[in-house]
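What follows is the residue order along each chain.
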Amino acid sequence: MTAATDDVTGNDLSSSRRPALEAPSDRDAFAKEFRRAHRRGLRRAAWLRALLNVTGILLFLAVWEAVPRLGTWVNPVLLPPPSVVFDTFVPMLLSGEIPANILASLRRAALGFGIATATGVTAGLLTARIGLLHHVSEPILHGFRSVPSIALVPLSVLWFGIGEGSKVALVAWGSFFPIWITTFIGVRDVPAAYLRSAACLGAGRLATLLLVVLPAALPMILAGLRQGIAVSLILLVAAELSGAREGVAYMMSTGHQMFRVDIMLIGLVLLGTFGFIADRLFVALIRRLFPWYTTAS
Amino acid sequence: MSGPLIDFDRVSQIYAARDGSPVWALSDVSLRVEAGEFVCLIGPSGCGKSTLIHLLAGFLKPTSGAVRFRGRPLDGPGPDRGVVFQEYALFAWMTARQNVEFGLRMQRVSAPVRRRRALEALDRVGLRHAADRYPHELSGGMRQRVAVARALVVEPEVVLMDEPFAAVDAMTRTTLQEDLLRLWRETGVSVLFVTHNIDEAVFLAQRVVVMGAGPGVIREDLAVDLPYPRDRGSAEFGREYARIAAALARGSRGTDQSDGERRAA
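Looking up chain B in an unreviewed UniProt entry gives the name ATP-binding cassette domain-containing protein, with the organism given as Azospirillum melinis. Under Sequence similarities (unreviewed entry), UniProt gives the following word-for-word description of chain B: "Belongs to the ABC transporter superfamily."

## Brief notes about the overall build of chain A
Check the secondary structure of chain A and you find eleven helices and zero strands. For 297 residues, the compact-globule estimate of 2.2 N^0.38 gives 19 Å, and chain A exceeds it by more than 25% at 29 Å. In terms of overall dimensions, chain A has C-alpha extents of about 95 × 70 × 35 Å along its principal axes. The contacts in chain A between residues at least 6 apart in sequence include a share of 68% that link residues at least 24 apart. Just so you have it, chain A exposes about 17700 Å², and 70% of that area is on carbon and sulfur atoms. Counting 26 positive and 17 negative side-chain charges, chain A places the centres of these two groups 6 Å from one another.

## Thoughts on the sheet that holds strand E6 (residues 81-84) of chain B
All names here are of chain B. Here six strands make up an open sheet; going across it, the order is E6-E7-E8-E3-E9-E10 and the pairing mixed. Strand pairing shows two members of the sheet lacking a second neighbour, E6 and strand E10 (217-223), which therefore form its edges. Ignoring which end each strand starts from, the neighbouring axes of this sheet average 20° apart. Sheet topology note: the strand E9 (residues 207-212)/E10 ladder contains six bridges and is antiparallel. Considered in E10, the bridge of Val210 is made with Glu220. Taken strand by strand, helix H4 (residues 140-152) contacts E6 and strand E7 (158-162), and its axis lies near 170° from that of E6.

## Comments concerning the layout of surface pockets
Residue and element names in this part refer to chain A. Considered as a void within the structure, the largest pocket measures approximately 320 Å³ in volume. Around the largest pocket sit 13 residues that line it, and Leu106, Ala109, Ala110, Ile229 and Ala278 are the ones nearest its centre. Elements that contribute at least two residues to the lining of the largest pocket include exactly helix H4 (97-129), helix H9 (205-241) and helix H11 (261-289). For the lining of the largest pocket, a count of residues per class yields nine nonpolar, two polar and two charged.

## Focus on the packing of aromatic side chains
Applying the stated criterion across every chain, the model contains 17 aromatic pairs over all chains. Measuring from ring centre to ring centre gives 6.0 Å for A:Phe60 and A:Trp64, while their planes differ by 55°; the resulting arrangement is tilted. Note that A:Phe60 and A:Trp64 are positioned in helix H2 (residues 24-70) at a spacing of four residues, about one turn of the helix. Judged by its relative accessible area of 15%, A:Trp64 falls in the buried class. With a centroid separation of 5.9 Å and an interplanar angle of 55°, the aromatic rings of A:Tyr194 and B:Phe91 are classed as tilted.

## Focus: helix H1 (residues 49-57) of chain B
All names here are of chain B. When you tally the buried positions in H1, you get eight out of nine residues, the bulk of the element. Among the residues of H1, those classed as buried are Lys49, Thr51, Leu52, Ile53, His54, Leu55, Leu56 and Ala57. Following H1 by one or two positions, Gly58 adopts a phi angle in the positive range, close to 95°.

## Re the domain arrangement of chain A
All names here are of chain A. In terms of domain boundaries, chain A breaks down into domain 1 (17-70) and domain 2 (82-289). For domain 1 and domain 2, the distance between their C-alpha centres works out to 36 Å. Taken together, the contact between domain 1 and domain 2 spans four residues of the former and four residues of the latter. Approximately 380 Å² of surface area, both sides summed, lies buried where domain 1 meets domain 2, with 70% of it carried by carbon and sulfur atoms. Area buried by domain 1 at its contact with domain 2 is led by Trp64, Glu65 and Arg69, which between them contribute 91% of it. Scanning the region where domain 1 abuts domain 2 turns up zero salt bridges. The tally of links from domain 1 across to domain 2 stands at two residue pairs in polar contact (both at pLDDT 80 or more). Along the lines of polarity and charge, the residues of the side of domain 1 that touches domain 2 split into two nonpolar, no polar and two charged.

## Structural notes on the interface of chain A and chain B
At the junction of the two partners, chain A supplies 18 residues and chain B supplies 23 residues. Surface buried jointly by chain A and chain B totals about 1900 Å² across both partners, of which 75% is contributed by carbon and sulfur atoms. Contact with chain B buries surface across chain A, with A:Cys200, A:Leu201 and A:Trp292 losing the most and accounting together for 36% of the total. The interface formed by chain A and chain B includes zero salt bridges. The tally of links from chain A across to chain B stands at two residue pairs in polar contact (both at pLDDT 80 or more). Of all the elements in the fold, those that place two or more residues in the side of chain A that touches chain B are helix H8 (192-200) and H9 of chain A.

## Observations regarding the nonpolar core
Counting 92 residues, the largest nonpolar core has B:Phe38, B:Phe102, B:Met161, B:Phe193 and B:Ile244 as its most contacted members. The biggest single contributor to this core is H9(A), with nine residues. Grouped together as the second largest cluster of nonpolar side chains are 31 residues, B:Ile6, B:Val11, B:Leu41 and B:Cys47 included.

What counts and how
- All residue numbers refer to position in the chain's written sequence, counted from 1.
- Just so you know, chain letters begin at A and ligand numbers begin at 1, following the order they were written in.
- Whole-chain, interface and lining totals are the exception, using all residues; otherwise, since this is a predicted model, local features are given only for residues with pLDDT of at least 70 and side-chain atom pairs are given and counted only at 80 or more.
- To obtain the side-chain values, all non-hydrogen atoms of the structure were included, while hydrogens and water were left out.
- UniProt positions are given in the numbering used here, feature names are shortened, and annotations may be inferred rather than shown by experiment.
- The way it works is that DSSP assigns letters per residue, a run of H or I at least four long becomes a helix, a run of E at least two long becomes a strand, and they are numbered from the N terminus.
- Based on C-alpha atoms, the radius of gyration is set beside the globule rule, defined as 2.2 Å times the residue count to the power 0.38.
- Contacts between residues were defined by any pair of non-hydrogen atoms, one from each residue, lying within 4.5 Å.
- The protein chains shown are the only cover counted for residues, whose accessible areas, like all others here, come from Shrake-Rupley with a 1.4 Å probe.
- The positive count covers Lys and Arg only, the negative count covers Asp and Glu only, and His and the chain ends enter neither.
- Charged groups are reduced to one reference atom each: NZ for lysine, CZ for arginine, CG for aspartic acid, CD for glutamic acid.
- Here, a strand pair is defined by DSSP locating no fewer than two bridges between the strands.
- Angles run from 0 to 180 degrees between N-to-C directions of axes, and those axes are lines fitted to C-alpha atoms, restricted for helices to the stretch in contact.
- Definitions used for this entry: grid spacing 1 Å over protein atoms alone; cavity, a set of points where a 1.4 Å probe fits but cannot get out; pocket, an open set with protein on both sides within 12 Å along at least 5 of 7 lines; lining residue, one with an atom within 4 Å of a point.
- Grid points are joined across faces, edges and corners, and a volume is the space filled by probe spheres set on the points.
- Just so you know the grouping, Ala, Val, Leu, Ile, Met, Phe, Trp, Tyr, Cys and Pro go in nonpolar, Asp, Glu, Lys and Arg go in charged, and all remaining residues, Gly too, go in polar.
- Two rings belonging to Phe, Tyr or Trp (six-membered ring only in the last case) form a pair when the distance between their centres is within 6.5 Å. Interplanar angles under 30 degrees mark stacking, angles over 60 mark edge-to-face geometry, and anything in between is tilted.
- The cut-offs for exposure are 20% and 50% of the maximum accessible area for each residue type, with area from a 1.4 Å probe on protein chains only; residues under the lower value are buried, those over the upper are exposed, and the others partly exposed.
- Residue ranges assigned to each domain were obtained from an automatic or database domain assignment.
- Here the buried area means the combined drop in accessible surface, using a 1.4 Å probe, for two parts upon being joined, counting both sides.
- Salt bridges are defined by distance alone: a side-chain nitrogen of Lys or Arg within 4 Å of a carboxyl oxygen of Asp or Glu.
- Two N or O atoms form a polar contact when they lie within 3.5 Å of each other; inside protein one atom must be a possible hydrogen donor and the other a possible acceptor, and for residues adjacent in sequence the pair counts only when both atoms belong to side chains.
- Definition of nonpolar core: a set of buried residues of the types Ala, Val, Leu, Ile, Met, Phe, Trp, Tyr and Cys, connected through side-chain atoms within 4.5 Å.

As structure tokens, this is what we get:
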């Protein structure tokens, strides 16, 4: 800034002086400190949130532990406390039984969901963009959509056997519909201004589809995929309960036959964790891949 | 070039109302625009000024009559006619630079050239620094600047603007208008500009086409013979303003009448 002020202050005051408030270096320092304080605040808030989350879980476990122990009205065999469940869990985990079951279930869910994503998004795109196809397919697709997917479990077992095929098919079938319907709505409702802008800038059909229609419909498609994840879990369990040789729900049905409620509860916790982690991962992935899509969560 | 750049030849546009009765958006409208002209279309809502833009852009086909561009009938939208919409037309999933690059990408311009030209175009609207921001990170005025850059970067012969500055605040609007005039004079592009704002029309246009509603017709075609840059405070500006306001008032009396008739019917 001005050499004069520097001279004056530099000569008159000791080295520990504070520079004039309007000096740029001082402003920068202030901005730096402000940013640091702001970040600290955000971090502290995040920690506090995490702490509260954990507190909630611990509270829940404490109540669950206390009820079968203190209450005489609850049979501990029907509701074993978490400590008992945990004692059962550790050896099953170490023996590899639980990891094997988790892997089997995950494979089925991922495969079925993958098939549903590919077919659902394609079907949604085609039916929304091609009027003829829309009107031809509408009654059939909506008819099938109205059938609760669980009702197809026995049929699926007859058609695809009790092997992997019937499980994957059921998961794919169930999650296909939410993905298809949301993709359809998203593509149908792409704002006209986007399509017109693309046309004026010389975009052909394929470029419009890939660069404009798909990204514009993406928020809806993602909502459908998220719903699809939840539905796949439901159908996975239904399929495994109806007959399987491995899997988390199979493990639960074995526990049922052996009257081992602790094993059934392990299954429940695993399924809940699955769903939770899958959903969180999905949201994190969206944030990373599509920074412009800020309304996720 | 022989003949006008844009030629609306006795164009009528009819669409079906909710009850199935015909609505005349345009009735027997003829309008010619020469290359390099800046023309404003002004009129009450329902006078078909946006319909004219949509016809020329190629979004609509006229019910009767012909729309010719460079002497040839139109066949759908194309990059020789750029369009700037009122708002929300920037691709939300692309940064400002990617939006501007879109038209060049469609012309298969190589990536480095594309990038350079897009940055130049953003520079011309004063937004080079915002090249990597997404539309939701830009203010309304900045978004419209990007939209103008996106329309101009493919070097169209005419830019069609459908109330492009209607949704920004008055102060931003003034600077946007000045920038648009500068770009118009730098590039020599023709501009067809829809507005409902008399001040905007007098400030921008060489010609102001006053339209009337129900059915949509051209009432008057007024030349504004003021040198650029125009001074909003000057007496001449006030006179032109009054002239167009009077033409609009004459037109809207007719509209009120026809509205009354329709209600009576």
